Amino acid sequence: MWQRFQKGESAPGTSAARFNVRTDLAVQSNLSDTSQIYLQVRAGHGLGLQTAADTFTGAVNSTDFELDKNAKGAGVSPVLLAQAWYQFDTGPVQWVMGKIDPFLFFDTNAYADDESREFVNNVFVHNALLDSGSDAGVDAYGFSPGVVVSGHLNASNARSPVVRLGLFGHGHGPSFSGSLNQPFSILQIQFDSDAFLRRHGRCEWYVWRNPQLENPFNGQWEAHTGAGLSLSQSLTDSLGGFVRAGRRFQGTGVFNRFVTLGLRQTGLLWGREQDVAGLALGVLNPSEGYRASRQLAGNEKNVELFYDWRVNEHIEITPNVQWIGNPAASNAVDHLNFVGLRAAYFF
């Protein structure tokens, strides 16, 4: 991934460009008709482009990955065991146990869910409060030990809503250096339907609780609770749309509400049906505590546009453009602009 910060009236300092690379290798194996094991390793180099101004979004490049740095500042990036979990069924109930990426099971979305092929701004990849806002119980790389339990609301009807409960480590738990007795918890109900336009859509409603996070304004430890929505809907043979929204009800962060929405269009209209274009917009609302701590200029706005060019069955080239208005809802910087180019090889 290559990204460049565009110099302009809103950009302090000079233009900057950064490269980063990431490799993911996943293996999934069925052990029986009702059980399987999943392993994922990840390696990479480069922290990606870091914004000069504060922003609410956690990253304008969610593909970056690098482990610790040595004293000279060079990246140290050995292979990380990202995920290792075991899935099995007990009657109508499915269990997943191990080291997990919670977003594989919660807050999923058909059109905005994968930074390696779609949007790269963090607020469009996942629920902004859980990821950029740090409410989720994951480590610095997005993974955590935990358990996921799921099943259909009506066990005899495979089309009935799916209820899913996840319990994950938080704090020092994800790094296996602390207790897991007060987990980050998330409860979700998932509806799949083709009632709208006779096309498939999915709606996920969920609530979460993290028992202990630090208040950024007074340093006190507090519980965070919130609720979110992830909706994806096919609109035509080549067009789909998504909406995400969330609100924190307990606890304080720099922003407590957000909404993101967008469209994804395949190249069927112009004779390249394997290509994909996407446009997303997002608004992040500062919390009352954040408003009281500084002068503000409304809300932070995020926009991203990408075009995924499928060169062949293995290679994809994706240019993208991003714009952030009122970064961190501050009047210190009017807006930020970024351009990027992602090259991906799939096998």
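Residues numbered from 1 in each chain as written. Predicted model: local features only at pLDDT ≥ 70, side-chain atom pairs only at ≥ 80, totals over all residues. Heavy atoms only, no water.

Visitor: If you had to explain the nonpolar core to someone new, which residues and values would you point to?
Guide: Generally speaking, soluble globular proteins have nonpolar side chains that are buried together. Membership of the largest hydrophobic core comes to 33 residues, with the highest contact counts inside it found for Leu 130 and Ile 186. Secondary-structure elements contributing two or more residues to this core are strand 6 (93-100), helix 1 (122-125), strand 9 (184-193), strand 10 (201-214), strand 13 (255-267) and strand 14 (272-286). If sequence neighbours within four positions are ignored, Leu 130 has contacts with Phe 103, Asp 135, Ala 136, Phe 184, Ile 186, Tyr 206 and Trp 208. With 8 residues, the next largest nonpolar core counts Leu 49, Ala 53, Ile 324 and Val 333 among its residues. (Core = buried A, V, L, I, M, F, W, Y, C linked by side-chain atoms within 4.5 Å. Buried < 20%, exposed > 50% of the residue type's maximum accessible area, 1.4 Å probe, protein only. Helix = DSSP H or I, 4+ residues; strand = E, 2+ residues; numbered from the N terminus. Contact = heavy atoms within 4.5 Å.)

Visitor: Can you explain the layout of surface pockets? Please cite residues and give values.
Guide: As a volume, the second largest pocket reaches approximately 350 Å³. Lining the second largest pocket are 21 residues, and of these Gly 133, Ser 134, Leu 213, Glu 214 and His 224 sit closest to its centre. When contributions to the lining of the second largest pocket are tallied by element, the ones reaching two or more residues are strand 10 and strand 11 (221-234). Counting residues per element, the lining of the second largest pocket draws most heavily on strand 10, which supplies 4 residues. (1 Å grid on protein atoms, 1.4 Å probe; cavity = no way out; pocket = protein on both sides within 12 Å on 5 of 7 lines; lining within 4 Å. Points joined across faces, edges and corners; volume = space filled by probe spheres on them.)

Visitor: Could you give an account of the confidence of the model for the protein chain, with specific residues and numbers?
Guide: Averaged over every residue, the pLDDT of the protein chain is 89; the share at 70 or more is 91%. Within the model, pLDDT remains below 50 along residues 8-14, and this stretch shows 12 contacts once partners closer than five positions in the same chain are excluded. (pLDDT = per-residue confidence, 0-100.)

Visitor: Can you explain the side chain of Arg 22? Please cite residues and give values.
Guide: As for its position among the elements, Arg 22 is in strand 3 (residues 21-32). Side-chain polar atoms of Arg 22 contact the side chain of Glu 115, separated by 3.0 Å. Non-local contacts of Arg 22, meaning those with residues more than four positions away in its chain, are made with Arg 42, Ala 43, Gly 44, Ser 62, Thr 63, Phe 65, Glu 115 and Ser 116. (Polar contact = N/O pair within 3.5 Å; in protein donor to acceptor, adjacent residues only side chain to side chain.)

Visitor: Tell me about unusual backbone geometry, and please be specific about residues and values.
Guide: With phi around 55°, Arg 198 is a residue other than glycine that occupies positive phi space. Along the chain, Arg 198 turns up in the loop between strand 9 and strand 10. Judged by relative accessible area, Arg 198 falls into the exposed class, the value being 78%. The phi dihedral of Asn 326 is positive, around 50°, even though this residue is not glycine. The topology assignment puts Asn 326 in the loop between strand 16 (315-325) and strand 17 (335-345). Residue Asn 326 is classed as buried on the basis of its relative accessible area, which comes to 16%.

Visitor: So, empty space enclosed by the protein: which residues are in play, and what are the values?
Guide: By the definition in use, this model includes 1 cavity of 30 Å³ or more. If you add up the space inside the largest cavity, you get close to 50 Å³. For the largest cavity, the full set of lining residues is Pro 102, Phe 103, Phe 106, Asp 107, Leu 130, Ala 136, Phe 184 and Ile 186. Its residues assigned to classes, the lining of the largest cavity comprises 7 nonpolar, no polar and 1 charged. (Nonpolar A, V, L, I, M, F, W, Y, C, P; charged D, E, K, R; others polar.)

Visitor: Which residues make up the environment of Ser 230, and what values do they have?
Guide: Positionally, Ser 230 belongs in strand 11. In this structure Ser 230 comes out as buried when scored by relative accessible area, which is 1%. The spatial distance from the C-alpha of Ser 230 to the C-alpha of Val 243 is 6.0 Å, given a sequence separation of 13 residues. Excluding residues within four positions of it along the chain, Ser 230 makes contact with Asp 107, Thr 108, Asn 109, Arg 202, Cys 203, Glu 204, Tyr 206, Val 243 and Arg 244. A distance of 3.0 Å separates a polar atom in the side chain of Ser 230 from a polar atom in the side chain of Asn 109.

Visitor: So, a nonpolar patch on the surface: which residues are in play, and what are the values?
Guide: A contiguous nonpolar patch, built from Leu 25, Val 27, Leu 31, Ile 37, Leu 39, Leu 81, Tyr 86, Trp 309, Val 311, Ile 315, Tyr 345 and Phe 347 and spanning about 1100 Å² of accessible area, is present on the exposed surface. Looking at the nonpolar patch, the elements that each hand over two or more residues are strand 3, strand 4 (35-45) and strand 5 (80-90). At 3 residues, strand 3 tops the list of elements feeding residues into the nonpolar patch. Summarising the element assignment, Leu 39 is placed in strand 4. (Patch = residues over 30% accessible without salt bridge, like charges linked within 9 Å, V, L, I, M, F, W, Y side chains within 5 Å. Areas by Shrake-Rupley, 256 points an atom, 1.4 Å probe, with all protein chains shown as cover. Salt bridge = Lys/Arg side-chain N within 4 Å of Asp/Glu carboxyl O.)

Visitor: Tell me about the packing of aromatic side chains, and please be specific about residues and values.
Guide: One pair of aromatic rings is described through two measures. These are the centre distance and the angle between the planes. Scanning the entire structure with this criterion turns up 17 aromatic pairs. Its end group placed over the ring of Phe 65, Arg 42 keeps NZ or CZ at 6.0 Å from the ring centre. The aromatic ring of Phe 346 is capped on one face by Arg 117, whose charged end is 4.0 Å from the ring centroid. (Phe/Tyr/Trp six-rings, centres within 6.5 Å; stacked < 30°, edge-to-face > 60°. Lys NZ or Arg CZ within 6 Å of the ring centre and 35° of its normal.)

Visitor: Lay out the pairing of strand 8 (residues 162-168) with the relevant residues and their values.
Guide: Residues Val 162, Arg 164, Gly 166 and Phe 168 line the buried face of strand 8, whereas the alternating positions Val 163, Leu 165 and Leu 167 sit on a face that is not buried. Summarising the sheet, strand 7 (residues 144-152) and strand 8 pair through 7 bridges and their orientation is antiparallel. What sits directly across from Val 147, in strand 8, is Leu 167. Sheet topology note: the strand 8/strand 9 ladder contains 7 bridges and is antiparallel. Bridge pairing in strand 9 places Val 163 opposite Ile 189. (Pairing = 2+ DSSP bridges.)

Visitor: Mind laying out the side chain of Ser 287, listing which residues take part and the relevant values?
Guide: Relative to the helices and strands, Ser 287 resides in the loop between strand 14 and helix 2 (288-293). Those residues in contact with Ser 287 that lie beyond four places of it in its chain are Phe 217, Thr 252, Gly 253, Val 254, Phe 255 and Asn 256.

Visitor: Report on the pairing of strand 11, specifying residues and quantitative values.
Guide: Strand 11 sits mainly inside the fold: 11 of its 14 residues count as buried. Two strands pair when backbone bridges link them, and strand 10 and strand 11 are joined in this way by 12 bridges, in the antiparallel orientation. Paired with Val 207 across the bridge in strand 11 is Ala 227. Adjacent in sequence and paired antiparallel, strand 10 and strand 11 are bridged by 6 residues, among which Gly 219 carries a positive phi angle near 75°. Pairing analysis gives 10 bridges linking strand 11 to strand 12 (residues 239-250), with the strands arranged antiparallel. Following the sheet pairing, Thr 225 is matched in strand 12 by Gln 250. The antiparallel hairpin formed by strand 11 and strand 12 contains 4 residues in its connecting segment.

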